[in-house]
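Given next are the chains, with one letter for each unit.
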Amino acid sequence: GHESLDRIPGATLLGVAASRLYAQLSRQQAWLAFHSGKLRFGDGLPLAGDQPGYPMPLSWHQRKSEQPGQGGRLTTGAVFNFLHGSMPLQGDREAQPKQLRAGYIHADGRWTMPKHALRLKTAIDPGTGRAAEAQLFGYDSLARGQRFAACIEADADFDQGLFDRVIAALNGEILLGRSRSAEYGRARTRPAELPAPVPGSLAGTRLTLWLLADLALADACGQ
């Protein structure tokens, strides 16, 4: 069935800004803002207090027979990063690992999962005005009252005035999602200054990237 995302896609925010601003810009300004890649719209990730959450790394695992945390926080020693080693033996045998896939990690160790709401709906037969046969379905959505933070960044040579216009276009009430013409998707946005992530210490010559959005890797030939 239908399942809602647990974040606000950056492409959605780009679409909101473009729908409000595109007709007011010159062709060159519109290309710079929405097509050149010089201005980038990050995903809206869940907030816990004033701390944004980061997507769960796919290299993090737990022992299948144990809980990775308690009280909404991950426990030191219960989570194993397979990027830097394997799971230690449990007695004289190897424990069965289970990948941690869901949720977001905050800088203070909190582990949160955005709340969803499910509502049953049915299609209406236009001929009779009654519920159509075999058309019952559930609609999953992000629950109201939650907060998300998205990073919007631009190249150093991007026009500051144009950047300010894009931010102003996103300020206030916006509509998100594919059912925004119904009762879903109404949100309020405002500019906010949030602390940037602190880089970890460098160990050896390997560089580890923690992706905050989807990435497609390509070589010099485009493969």
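Use the structure listed above.
Structure report, in brief. Bear in mind the structure is a predicted one, so any value in this text is a computation, not a measurement.

### Some words on the environment of Leu202
Inference 1: As for its position among the elements, Leu202 is in the segment after strand 19 (186-189).
Inference 2: It is 28 Å that separates the C-alpha atoms of Leu202 and Ala48, two residues lying 154 residues apart in sequence.

### Observations regarding the sheet that holds strand 8 (residues 80-81)
Inference 1: Sheet architecture is open: three strands sit in the order 8-5-11, paired in antiparallel fashion. Edge positions in the sheet fall to strand 8 and strand 11 (97-99), since each has one partner strand and no second.
Inference 2: Note: strand 5 (residues 60-63) against strand 8, two bridges, orientation antiparallel. If you follow His61 over to strand 8, its bridge partner there is Phe80.

### A few points about the nonpolar core
Inference 1: One finds Phe34, Leu39, Phe41 and Val166 to be the most contacted residues of the largest nonpolar core, which totals 20 residues.
Inference 2: Where this core is concerned, the elements lending two or more residues are helix 1 (10-21), helix 2 (27-34), strand 1 (39-41) and helix 3 (160-170).
Inference 3: At five residues, the largest contribution of residues to this core is made by helix 1.
Inference 4: Not counting residues up to four positions away in its chain, the partners in contact with Phe34 are Leu14, Ala17, Ala18, Leu21, Tyr22, Leu25 and Phe41.
Inference 5: Counting five residues, the second-largest nonpolar core is a separate cluster that includes Trp60, Leu74, Leu100 and Ile105.

### Some details on a nonpolar patch on the surface
Inference 1: On the surface, Leu207, Leu209, Leu211, Leu215 and Leu217 cluster together to form a nonpolar patch covering roughly 590 Å² of accessible area.
Inference 2: Mapped onto the secondary structure, Leu209 falls in the segment after strand 19.

About the criteria used
Residues numbered from 1 in each chain as written. Predicted model: local features only at pLDDT ≥ 70, side-chain atom pairs only at ≥ 80, totals over all residues. Heavy atoms only, no water. Helix = DSSP H or I, 4+ residues; strand = E, 2+ residues; numbered from the N terminus. Pairing = 2+ DSSP bridges. Core = buried A, V, L, I, M, F, W, Y, C linked by side-chain atoms within 4.5 Å. Buried < 20%, exposed > 50% of the residue type's maximum accessible area, 1.4 Å probe, protein only. Contact = heavy atoms within 4.5 Å. Patch = residues over 30% accessible without salt bridge, like charges linked within 9 Å, V, L, I, M, F, W, Y side chains within 5 Å. Areas by Shrake-Rupley, 256 points an atom, 1.4 Å probe, with all protein chains shown as cover. Salt bridge = Lys/Arg side-chain N within 4 Å of Asp/Glu carboxyl O.

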